[in-house]
Structure formats: structure tokens, C-alpha cells
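The lines below spell out each chain.
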Amino acid sequence: MVKDLTEGAPGKVLRQFTIPMFISVVFQQLYNITDSIIAGRFAGEDALAAVGASYPVTMIFMAIAVGSNIGCSVVISNLFGAKKYKEMKTAVYTTLIAAFVLSLALTAAGLAGTGALMAMIRTPENIFADGALYLKIYIGGFLFLFLYNVATGIFSALGDSRTPLYFLIASSLGNILLDYLFVAVCHWGVAGVAWATFLAQGAACVLALLTMRKRLAGIAAEGEAVLFSWAMLGRISQIAVPSILQQSFVSVGNIFIQGLVNSYGSSVIAGYSAAVKLNTFAITSFTTLGNGISNFTAQNLGAGKRGRVREGFRAGIRLTMVIVVGFFTAFFLFSGGMVRLFMGEESAVALETGETFLRIVSPFYFVISVKLIADGVLRGAGAMKQFMASTFTDLVLRVVLAFVLSWRLSAVGIWLSWPVGWTVAAVMSVLFYRKLWQGRDESAG
């Protein structure tokens, strides 16, 4: 269902809009985590390490999909808020065509370079073959992943956060069942984990595109929308390209960190893999709420309602803090139990590694969540330079400090780089938000 985010109390509107998005993330991350749990429990520590070693590479592909999602979502939200439905449909069609072509090119490049990518991050020999196999199957399904993410961005731009939720629930449950069938019953190992994700994501993608086609047909527009517009692609790219670069550079930074982690052996890799999957669950949840703020900001700016954006920012902070408390409690107070979900008692080094990581980073969820909400406003307002500046600062600090601190503190030094990067970047994002809105208020006055 299409929803106008420019009417109603901002706090209530945001809760109704973003809570389904958050639940979607829960299910999406549930099957990502289940991949690792089933791999670790039924295929062993090396299988868990193999999936984990390839994870930063898969995140580069995910970064491109998510960046495209953000770019099209902001532009379509703005056009929808301004009630320019013909242009909005052109933006949708242009996005889908561009995403299809780009995904095919990236799939070909990824399949050709799988071995080189795994070697670049210094993947240990005992998990290299399984890691490369998982990565090849994952990249083979990238078309589905890309188009599905773009489709969810379009639904969100139209104020519909429920439809993607329904698809994700079905996809997640299907992925979990296939994981168990392929790995625990058929004993396909790492390949079973990858094929389960491939099939579940493919089904969700097809259903999302069919539903979106029907949804767009129900929106009346004056005249026939153009199927592809270079001008519209340029407008979308102004948001999408910085978002893709931001997401991609973060993923590249994580590859450097993964390469550093890989030098400590498969047990540390397994522990880090488990902990970083849990950490990604939390960060993706906060990011999704920030994306909701982007849609809210773009629609209201399109409708000329600037005052609602500031109210939305405050409401977003309150909402995300409720979620932060839950993740902090689970990951800090019960870190050992959370990591133990992924492996058996015999993995002592892996368990200690994962628990230490979570205890160091989880208190700073209160900091990074504020950054991500401020980033949501910056993206929705088109302030991409400021958004990228704070994000790249976080990235550079984390990568540089991971190498510097690990010289003296071993793997613990890598984990300590997260809080420093997050804190500095959060201060920058909040200051950018305040400066942006002060300038807009003065301009409006």
C-alpha cells in the first residue's frame, strides 16, 4: 500500500513506516545468521570460517545493491511527495533497467575474479576452496539480490514498508528450511548454504517485481511515462553513486580488516565471523531506520514541509534508542551465549574471540545509531558530500587503527578500532546535520 509521509504526527508516521522495515531487517539478518549457525553446527568450524572469510567480498556486491536502493528511493520519494507521478514512474523504470544491466556486468566480473579476491584477503589454504565455492554461487545469484534491493527501495519510496516485509518473511523462512535440508540432511556443506540463499533470494526477487508492476499500474499519471531517461538516470546517480561509493569503500575497508584477521588463523576467523554477523545485524537495523528517515525527509522536502524533517529526526533518535538497548543487552551481557549459537564447546579460541569483539563494540551502538539517523536526514536532503565525509572518516580511522593497534595488542587491537571510528564520525554527522538545518532555516526565513 502506498503511503504519504507528509501528513500526520511525524513520530507516529515514522513508527508505522519504519517498524515494518526493522522487522524486515530482522528476518533478512536471521537467514544470514542462520547460514553461519548451520555451517558451524553441521559442517564444522572450517565451514563457518570459509563462509566468514568470503563475507567481506559478498558485502561489496551487497554495497552496490544497497547504494542503488538508496539512490532510487530518495529520488522517487521526492517525486512522490511532490505528486509528480509521471516522472516518478520514469524514475522507477529507469532504475530497473540500469540495475539489470549493471548487475549482469558485475556478475561476469565477479565470477571471473573469485579466486583472486579470496587470495587478496589472504584466505588460509584449509578454507580457500570452500570460501571460493561459496562466493561463486553467491555472485551467480547477484542479479536477484540487486533487483530485489532496488524493488524494496521503490516500495519504501512510495511509503510502503509492509510489502517488502512479507516477502522477506517468506524468503527468510524458506532460506532457513533449505539451509537445514542442504547442509544437515544432504550434507552439501558450504555449497548448500550458498544455494539456499540463491534460491530464496531468487523467489523473493521475482515476486517483488511482479507485485511492484501491479502497484505502479494502480497509480494514475497524466500521460505515458518514459521507459528510460538518461536525464533521470543522472539525477538518480547523484544520490546513488555517492551511496554506492560509500557502501563499497566501507566494504573494501572491511576486506583489509578481514585480511588482517585471516593472518591469525581459522579459529580467530570463525569467532570473528560469528561476532561480525551479529554486529552486522545491529548496524543494519540502525541503518534501515536511517533509510526510513531518508524517505521521510525526501517526501517532506518534496512537499515543501521542512519543519517536519526536524521533528522526524528527533522521533528517529527516540525510536532507534529503544532498539539499541535491546542489542546492547544481548551482545554485552550475553555475548558468550550469542557467539556459542554458532559453534560447539570445542571452539575455545573462536568463542573467546567473538565474545571479546562484542563486548568491545556493543556499548558504542548508542553512538553509531545517532550517526546513522543523522546520515538519513543528510541523504534525504541530498547533502551527499557531508554524508560521505563522515563515513569515510570512520572507514579510514578503523582501517588504519586496526593495523596500528594490532601490532601491540594482537586481534584485540583490531576490535578497538571500531569505537574510535564510530565516535569521531558520529560527531561529524551530527554537526553536519545541525549546520545544514540552520542554513535551511535561515534561507527559509
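Look up a bit, the structure's there.
Residues numbered from 1 in each chain as written. Predicted model: local features only at pLDDT ≥ 70, side-chain atom pairs only at ≥ 80, totals over all residues. Heavy atoms only, no water.

### A look at the overall build of the protein
So, step 1. A tally of helices and strands in the protein yields 16 helices and 0 strands.
So, step 2. Its C-alpha atoms give the protein a radius of gyration of 21 Å, within 12% of the compact-globule value 22 Å for 445 residues.
So, step 3. Once the C-alpha set of the protein is aligned to its principal axes, its extents read approximately 65 × 40 × 35 Å.
So, step 4. Split into buried and exposed, the 445 residues of the protein put 59% on the buried side.
So, step 5. Long-range pairs, those at least 24 residues apart, make up 85% of the contacts in the protein with a sequence separation of at least 6.
So, step 6. Approximately 17300 Å² of the protein is accessible, and the part contributed by carbon and sulfur atoms is 67%. (Helix = DSSP H or I, 4+ residues; strand = E, 2+ residues; numbered from the N terminus. Rg over C-alpha atoms; globule rule 2.2 N^0.38 Å. Buried < 20%, exposed > 50% of the residue type's maximum accessible area, 1.4 Å probe, protein only. Contact = heavy atoms within 4.5 Å. Areas by Shrake-Rupley, 256 points an atom, 1.4 Å probe, with all protein chains shown as cover.)

### Quick look at a nonpolar patch on the surface
So, step 1. A cluster of nonpolar side chains, Ile97, Phe100, Val101, Leu104 and Leu227, forms an exposed patch at the surface whose accessible area comes to about 460 Å².
So, step 2. Along the chain, valine 101 turns up in helix α3 (residues 85–112). (Patch = residues over 30% accessible without salt bridge, like charges linked within 9 Å, V, L, I, M, F, W, Y side chains within 5 Å. Salt bridge = Lys/Arg side-chain N within 4 Å of Asp/Glu carboxyl O.)

### As for the pattern of salt bridges
So, step 1. For the structure shown, the criterion picks out 4 salt bridges.
So, step 2. Here glutamate 355 ties to arginine 359 by a salt bridge, and the two come within 3.7 Å at their closest N and O atoms. With a gap of 4 residues between them, glutamate 355 and arginine 359 both fall in helix α13 (residues 348–361), about one helical turn apart.
So, step 3. The class of glutamate 355 is partly exposed, set by a relative accessible area of 29%.

### What about the nonpolar core?
One recurring pattern in soluble globular proteins is that nonpolar side chains are buried together.
So, step 1. In terms of nonpolar packing, the biggest core is built from 138 residues, with Ile76, Ile154, Phe286, Phe327, Tyr365, Trp415 and Trp418 touching the most fellow members.
So, step 2. A total of 21 residues in this core trace back to one element, the largest contributor, which is helix α2 (residues 45–81).
So, step 3. Sequence-distant contacts of tyrosine 365, defined by excluding residues within four places in its chain, comprise Asn279, Ala282, Ile283, Phe286, Val324, Phe327, Phe328, Phe331 and Trp422. (Core = buried A, V, L, I, M, F, W, Y, C linked by side-chain atoms within 4.5 Å.)

### Looking at the environment of valine 57
So, step 1. Of note, valine 57 is situated in helix α2.
So, step 2. Note: C-alpha distance between valine 57 and threonine 114 (57 residues apart in sequence) is 9.2 Å.
So, step 3. Excluding residues that lie within four positions of it along the chain, valine 57 makes contacts with Leu117, Ile121, Leu135 and Ile255.

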